[in-house]
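If you want the building blocks of each chain, they are given just below.
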Amino acid sequence: AQKITQTQPGMFVQEKEAVTLDCTYDTSDPSYGLFWYKQPSSGEMIFLIYQGSYDQQNATEGRYSLNFQKARKSANLVISASQLGDSAMYFCAMILTGGGNKLTFGTGTQLKVEL
Amino acid sequence: GAVVSQHPSRVICKSGTSVKIECRSLDFQATTMFWYRQFPKQSLMLMATSNEGSKATYEQGVEKDKFLINHASLTLSTLTVTSAHPEDSSFYICSARARDRVQETQYFGPGTRLLVL
């Protein structure tokens, strides 16, 4: 069975600084996908970035980049130039390709961006 | 693209009543939709997987007779909480996987907050 671990319940960062949110995963399946979602206080889940297990390059989407280290089974999210609107809960998730498309979520990291 | 809506966004009901929540993919066809439940300050827990035209697949511990799922079309799935009780109060959120997209991304609806009195 797959497992996602987020060890940081909460993180604080100053506006305009970069922040890294940690995520490690465990699976014996060679084919999988990793996601990061943002959940503001309104509750909606906003898709941020995706990394496939066979992707050679680290995924980037605007200010978001995913530091994918396959051997270490980590998929940390890096947010550059933090903004006040980035304050939210962030979830790392994994899907096994061909495994019923079920997403397994980590416990989340609450990010607070301060002035 | 990839917009998913949910209705209602909030509902308050009396114990013993049934509540229906709709999940729609607005600009794409979704062969598969997923229903999650999230308690305060916790992660999302998958309840069931809904496939168009077939019975839903429930996760272990989820009562299929209590949480009825109907995926009648490629753009609509409904979750009915039957005979709701206070312990069913939670945030229910659906997601949809696009039919024609290679990537495995699931797009989430805005969620429904259910409060059972």
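Right above here is the structure, for reference.
Below is a short write-up of the structure.

So, how was this worked out
Residues numbered from 1 in each chain as written. Chains lettered and ligands numbered in written order. Predicted model: local features only at pLDDT ≥ 70, side-chain atom pairs only at ≥ 80, totals over all residues. Heavy atoms only, no water. Contact = heavy atoms within 4.5 Å. Buried area = accessible area lost by both parts, 1.4 Å probe. Salt bridge = Lys/Arg side-chain N within 4 Å of Asp/Glu carboxyl O. Polar contact = N/O pair within 3.5 Å; in protein donor to acceptor, adjacent residues only side chain to side chain. Phe/Tyr/Trp six-rings, centres within 6.5 Å; stacked < 30°, edge-to-face > 60°. Helix = DSSP H or I, 4+ residues; strand = E, 2+ residues; numbered from the N terminus. Buried < 20%, exposed > 50% of the residue type's maximum accessible area, 1.4 Å probe, protein only. Lys NZ or Arg CZ within 6 Å of the ring centre and 35° of its normal.

A word on the interface of chain B and chain A. Residue-level contacts link 21 residues of chain B with 20 residues of chain A. Counting the surface lost from both chain B and chain A, the interface buries some 1600 Å², and carbon and sulfur atoms represent 57% of this. Between the two partners, chain B and chain A, sit 1 salt bridge. In this structure, glutamate 59 of chain B and lysine 102 of chain A form a salt bridge, with 2.9 Å as the shortest nitrogen-oxygen distance. Our enumeration of links across chain B and chain A arrives at 5 residue pairs in polar contact (both at pLDDT 80 or more).

Inspection of every chain in the model, using the stated rule, returns 15 aromatic pairs over all chains. Look at phenylalanine 91 of chain A and phenylalanine 105 of chain A: their rings are 6.2 Å apart centre to centre, the planes differ by 90°, and that puts the pair in the edge-to-face class. Placement of phenylalanine 91 of chain A in strand 10 (residues 88–96) and of phenylalanine 105 of chain A in strand 11 (residues 103–105) is noted, with a sequence separation of 14 residues between them. Comparing phenylalanine 91 of chain A with phenylalanine 105 of chain A, the two get one shared label, buried. A centroid spacing of 6.4 Å and a plane angle of 40° characterise the contact between phenylalanine 67 of chain B and tyrosine 92 of chain B, whose relative ring orientation is tilted. Highlighted residues: phenylalanine 67 of chain B in strand 7 (residues 67–73) and tyrosine 92 of chain B in strand 9 (residues 90–98), separated in sequence by 25 residues. Accessibility expressed as a relative area gives 4% for phenylalanine 67 of chain B, which makes it buried. Following the ring pairs from residue to residue traces out a cluster consisting of Phe35, Tyr37, Phe47, Tyr50, Phe91 and Phe105 of chain A together with Phe28, Tyr36, Tyr107 and Phe108 of chain B. The ring centre of tyrosine 64 of chain A lies 5.7 Å from the NZ or CZ of arginine 63 of chain A, which sits over that ring. The lysine or arginine in question, arginine 113 of chain B, covers the ring of phenylalanine 91 of chain B, its NZ or CZ lying 4.4 Å from the ring centre.

All quantities given are derived from atomic positions and should not be read as evidence of function.
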